[in-house]
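Examining the three-dimensional arrangement
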Amino acid sequence: MNLYIDFGGTSFRYQLDTLPIETVQSNTIDIKIFLDTIIKQYPAISLIAISFAGVVKNGKIVSSPNINIEKFDITTYVKERYNIPLLIDNDLNCAALAEHNNLQVDSLAIFYIGTGFGGAFIDNNKILTGANNSGGEIGHIPFKKSPFKCGCGRDDCLELYVSGHGIETWCNYFNIEKKYRRLDLLETTDNYKATMIIKNFYQGLEHAFHTVINLFDFDNLVLGGSVGKNEKIKKFLEEQFLKTAFKKEKLTITLSSLQEGSLEGTKFLNKNFKGSN
Ligand SMILES: [Zn+2]
């Protein structure tokens, strides 16, 4: 029996083989107690695969800006205590694996824009991990100075403009009525401050897009997340593609069709990919 876990900033989801997905609040979870309990309850568990909203390297949890968790070698902990293999990778890397399996292509980029702005990249069927498995942090590319600090400590990250949280923060700053605090709703007002938030969002997205296309020359891009999974954004990026430097032949932009990309992706951690493990 396999245990799949998606440990996100807000919710913690898990699934045993193909049983229904269970959801709990992340801040109520102590991962060691959870694993001890569920392994006792289901002694048939023979593999654990985890998608984690933070940086993971060589099976160890290195950092997690949105989850209060002890940084420890979770792989060795489970191996020594239960002799069960454990695979763990960053949540966006897991989502990219799921999208890759879904589309059956060799290379792709994913832009997941929800609360934050995350990305992950698969080139020739391999995740681009970087030296510390912390590559792909598209949301923290410097863009424009802002009056706010990003979770990473900088004040100029793309994520401060291109994300649900970024939009909310700017709306607060400009005192924009609560009922308009969404990208599509901001467009319905003629408030010039709302227009500025939208303009910065698309400028930031354009910056991210051209950076990625110029660096990696992907021919597939998947848009996901509550803000990113949007026909208008897809159209905008298709128009941007026609303006790329060194004209490229083709780019297929797809809106993600996965409900649980990160959790789904854990099922591919032990197949063709090495990821961080
Ligand atoms: Zn940042």
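Note that the coordinates shown come from a computational prediction; the quantities given were computed from them, not determined experimentally. (Residues numbered from 1 in each chain as written. Predicted model: local features only at pLDDT ≥ 70, side-chain atom pairs only at ≥ 80, totals over all residues. Heavy atoms only, no water.)

1. Regarding unusual backbone geometry
With the exception of glycine, most residues fall at negative phi, and the peptide bonds are largely trans. Condition: Working definition: helices are DSSP H or I runs of at least four residues, strands are E runs of at least two. Numbering for both runs from the N terminus. Each residue gets one of three labels from its accessible area relative to the maximum for its type: buried under 20%, exposed over 50%, partly exposed in between, using a 1.4 Å probe on protein chains only.
The phi dihedral of Asn83 falls on the positive side, at around 55 degrees, and the residue is not glycine. Position of Asn83 relative to the elements: it lies in the loop between helix H2 (74-82) and strand S7 (86-90). Overall, the relative accessible area of 56% leaves Asn83 in the exposed class. One non-glycine residue, Asn124, lies in positive phi territory at about 50 degrees. Take Asn124: it is sitting in the loop between strand S9 (117-123) and strand S10 (126-127). Judged by its relative accessible area of 55%, Asn124 is exposed.

2. Some remarks on the environment of Leu205
Note the threshold: Any two residues whose heavy atoms approach within 4.5 Å are treated as being in contact.
Looking at the element boundaries, Leu205 is found in helix H6 (residues 192-216). For the pair formed by Leu205 and Lys234, sequence separation is 29 residues and the distance between their alpha carbons is 11 Å. What Leu205 contacts, discounting residues up to four positions off in sequence, is Phe111, Ile113, Phe117, Val162, Ile233, Phe236 and Leu237.

3. A look at the coordination of the zinc ion
Geometrically, a metal with four donors at the corners of a regular tetrahedron has ideal angles of 109.5 degrees, and one with six donors at the corners of a regular octahedron has ideal angles of 90 or 180 degrees. As a reminder of what qualifies: In this listing, donors mean N, O and S atoms no farther than 2.8 Å from the metal, or 3.2 Å for Na, K and Ca; water is missing from the atoms, so a site can look incomplete.
Those donors, His140 (ND1), Cys150 (SG), Cys152 (SG) and Cys157 (SG), are the protein atoms that reach the zinc ion, and they lie 2.0 to 2.3 Å from it. Sequence spacing of the donor residues for the zinc ion, all on one chain, is H-x9-C-x1-C-x4-C.

4. As for the nonpolar core
Applied cut-off: Here, the term nonpolar core denotes a set of buried Ala, Val, Leu, Ile, Met, Phe, Trp, Tyr and Cys residues that are joined through side-chain atoms within 4.5 Å.
Residues Phe111, Phe117, Phe201, Leu205, Leu221 and Leu237 are the most contacted members of the largest nonpolar core, which totals 40 residues. Mapped by element, the contributors of at least two residues to this core are strand S8 (108-113), S9, helix H4 (164-173), helix H5 (183-186), H6, strand S11 (220-224) and helix H7 (231-241). Take this core: its biggest share by element is 10 residues, from H6. Phe117 has contacts with Phe111, Tyr112, Ile138, Gly139, Leu158, Glu159, Val162, Ser163, Leu205 and Ala208, leaving out every residue within four places of it along the chain. Membership of the second largest hydrophobic core comes to 28 residues, among which are Phe34, Ile74, Tyr77 and Val78.

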